[in-house]
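# Fold and contact review
The chain contents come next:
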Amino acid sequence: MTHRYRRILLKLSGEALAGGGDGGIDAAVLARISGEIGELVRDGVEVGLVIGGGNIFRGSELVAAGLDRVTGDQMGMLATVINALALQSALNTAGCVARVLSAFPAGTLTEPFDHRRAVAHLASGEVVIFAAGTGNPFFTTDSAASLRAIEIGADVLIKATKVDGIYAADPVKQPDAEHYPELTYDEVITRRLAVMDTTAVVLCRDHRLPLRVMNINRPGALQAVVRGDDIGTLVREGGEK
């Protein structure tokens, strides 16, 4: 199968692994996503992943109640390591060799992050899962996804969500909200469209990294995006082809 992109960075939220539940990891969802990634790898696509931790821990409420922000962010980073290990196991079951590279030391559970090591793994046909965000508080996993995509030279950053792209408002709450098939980076920023934080979008803009937002719950959507189909929302510099 012909694909438009040779190397991708897929950003998965922790909530995506929870499926329809309030938290935790849905084994069926984990297996489905891993199976779709496995198909891409077998077709010769190099896949890097950044995973969030919101299905296990979200520190915002505790921070609002008085928990130290740095501590809350560190706990969130640990949650991403748990999700990364679960994803690694599922990918192994799906027939892929998967590596977890952590932004901070996690003993023998993970490998330390190094962009040269990551590129070498990808070139060998291994899936690389980037855990622990950037390793620093005050930065989201969206920012980590943009950063890692740039570091490994990804052709596109794919943000996997629960909706079909970017809308003017939350389509779950406002079913008639306008859908944007294509936007520029600056439009995302100036319109305050809550798809990724501003730091993440600025990184994409400054490095001319295309961003595609799609619905991970649609079977086959990931393959379609990598193939080059025009689904979801594409964010890029105005005038680019």
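Bear in mind that the values here come from a model prediction, so they are computed numbers and not experimental data. (Residues numbered from 1 in each chain as written. Predicted model: local features only at pLDDT ≥ 70, side-chain atom pairs only at ≥ 80, totals over all residues. Heavy atoms only, no water.)

### Observations concerning the sheet that holds strand 11 (residues 233–235)
The cut-off we apply is this: Between any two strands, at least two bridges found by DSSP are needed for them to pair. Starting at the N terminus, helices and strands are each numbered in turn, a helix being any DSSP run of H or I of at least four residues and a strand any DSSP run of E of at least two. A contact between two residues is defined here by any heavy atoms of the two lying within 4.5 Å. Only C-alpha atoms enter the line fits that serve as axes; for helices the fit covers just the stretch in contact. Angles between N-to-C directions range over 0 to 180 degrees.
Ordered in space as 4-3-5-2-1-6-10-11-9, the nine strands form an open sheet in which the pairing is mixed. The open sheet has two edge strands with one neighbour each: strand 4 (111–112) and strand 9 (182–183). Relative to strand 5 (residues 127–131), strand 3 (residues 98–102) is paired through five bridges, and the arrangement is parallel. Pairing of Ala98 across the sheet is with Val127, part of strand 5. Its contacts with the sheet place helix 2 (residues 27–42) against strand 1 (7–12), strand 2 (46–51) and strand 5, and it is angled at close to 150 degrees to strand 2.

### Focus on helix 2
Just so we agree on the cut-off: By this rule, a helix spans an expected 1.5 Å times one less than how many residues it contains. Only protein chains enter the accessibility calculation, which uses a 1.4 Å probe; a residue is then buried when its area is under 20% of its type maximum, exposed when over 50%, and partly exposed in between.
Between its terminal C-alpha atoms helix 2 stretches 22 Å, which fits the 22 Å expected from 16 residues at 1.5 Å a residue. Taken together, the buried positions of helix 2 are Val29, Leu30, Ile33, Ser34, Glu36, Ile37, Gly38, Leu40 and Val41. In the core, the buried residues of helix 2 are packed alongside strand 1, helix 1 (14–18), strand 2, helix 4 (69–93), strand 5 and helix 9 (221–227). After helix 2 finishes, the residue Gly44 shows a positive phi value of roughly 95 degrees.

### Topic: the nonpolar core
Soluble, globular proteins show a tendency: their nonpolar side chains are buried together. Heads up, the condition is: Nonpolar core, defined: a set of buried Ala, Val, Leu, Ile, Met, Phe, Trp, Tyr and Cys residues in which side-chain atoms within 4.5 Å join the residues together.
Among the nonpolar cores identified, the biggest contains 41 residues, and Leu12, Ile37, Leu49, Val127 and Ile129 are the most heavily contacted of them. Counting residues per element, this core draws most heavily on helix 4, which supplies seven residues. With 28 residues, the next largest nonpolar core counts Leu122, Ala149, Ile152 and Leu209 among its residues.

### Topic: the environment of Leu203
The topology assignment puts Leu203 in helix 8 (residues 198–206). When near neighbours in sequence (up to four residues on either side) are disregarded, Leu203 contacts Ser143, Ser146, Leu147 and Ile150.

### Structural notes on the pattern of salt bridges
Here is the rule: Salt bridge criterion: a side-chain nitrogen from Lys or Arg within 4 Å of a carboxyl oxygen from Asp or Glu.
In the structure shown here, the tally under the stated rule is 17 salt bridges. The partner of Arg69 in a salt bridge is Asp73, and the shortest N-O contact between them spans 2.9 Å. With Arg69 and Asp73 both in helix 4 and four residues apart, this pair spans about one turn of that helix. You can call Arg69 partly exposed: its relative accessible area is 36%.

### Regarding the side chain of Glu126
Note the threshold: Two N or O atoms count as a polar contact when they lie within 3.5 Å, although within protein this holds only if one can serve as hydrogen donor and the other as acceptor, and sequence-adjacent residues are included solely when both atoms are side-chain atoms.
When you line up the elements, Glu126 lands in the loop between helix 5 (115–123) and strand 5. A residue is classified by how much of its surface remains accessible, and Glu126, at 13% relative accessible area, is buried. At 3.1 Å, the side chain of Glu126 and the side chain of Arg99 are in polar contact. A polar contact is formed between the side chain of Glu126 and the side chain of His121, at a distance of 3.0 Å. With sequence-adjacent residues up to four places away left out, Glu126 is seen in contact with Val47, Val97, Arg99 and His121.

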